[in-house]
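An overview of the molecular structure
So the chains spell out like this:
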Amino acid sequence: MLDNFPRGTICIEELEIGMSRHVTKEVTDRDIEMFAEISTDRNPVHLDDDYANDTIFEGRIAHGMLTAGLISAVIGEQLPGHGTIYMGQSLTFLAPVRPGDTVRAEVTVMEIDHAKRRVTLKTECLVDGKPVLKGEAKVLAPSAKFD
């Protein structure tokens, strides 16, 4: 996994509108198999080539929530980072992610409520520069005053 900034914490007092972070990861067969095991989602569209070839996707695809998990990695490790509490996440899946695809998960600060320590983040995943997932996250950010 490649990220553009070190892991750690950015306290709410240091956040700015437009601040952005990302991670990039190639989704492998092993990732899909491990996610199926952990989640117990063994839908054959993820695991069985013959089955998946006869679907609208014409081949195997990664679990949507595996892709969404990369957003969680950015939020929990970089922006705001360690100590962040997820409060909500909306997701729209726009295109499938296939084994071998490299996903770039991006998170951008849209709104900051300093009084409540709440931050609204634009969330997006891209493959070859094309959006495959978009959404919005609400988080409780760490504060240098309280944490």
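Refer to the structure presented above.
We now turn to the structure provided with this report. (Residues numbered from 1 in each chain as written. Predicted model: local features only at pLDDT ≥ 70, side-chain atom pairs only at ≥ 80, totals over all residues. Heavy atoms only, no water.)

A count of helical and extended segments in the chain gives four helices and six strands. What you see in the chain, going N to C, is helices and strands ordered as β-β-α-α-α-α-β-β-β-β. C-alpha atoms of the chain, sized along the principal axes, occupy 55 × 30 × 25 Å. Taken over 147 residues, the chain has a buried fraction of 40%. Taking contacts inside the chain between residues at least 6 apart in sequence as the whole, the part at least 24 apart equals 65%. (Helix = DSSP H or I, 4+ residues; strand = E, 2+ residues; numbered from the N terminus. Buried < 20%, exposed > 50% of the residue type's maximum accessible area, 1.4 Å probe, protein only. Contact = heavy atoms within 4.5 Å.)

Structurally, S90 can be placed in strand β3 (residues 85-93). Take S90: its relative accessible area is 39%, and that puts it in the partly exposed class. Spatially, the C-alpha atoms of S90 and M65 are 12 Å apart, while their sequence positions differ by 25 residues. The contact partners of S90, leaving out residues within four places of it in the chain, are T123, K134, G135 and E136.

Across its 14 residues, helix α4 (residues 64-77) extends 20 Å between first and last C-alpha, which sits within 8% of the 20 Å expected from 1.5 Å per residue. Residues of α4 that are buried make contact with β2 (20-26), α1 (29-39), β3, β4 (102-113), β5 (118-127) and β6 (130-140). (Expected span 1.5 Å × (residues − 1).)

Without other data, these values stay purely geometric and don't point to any function.
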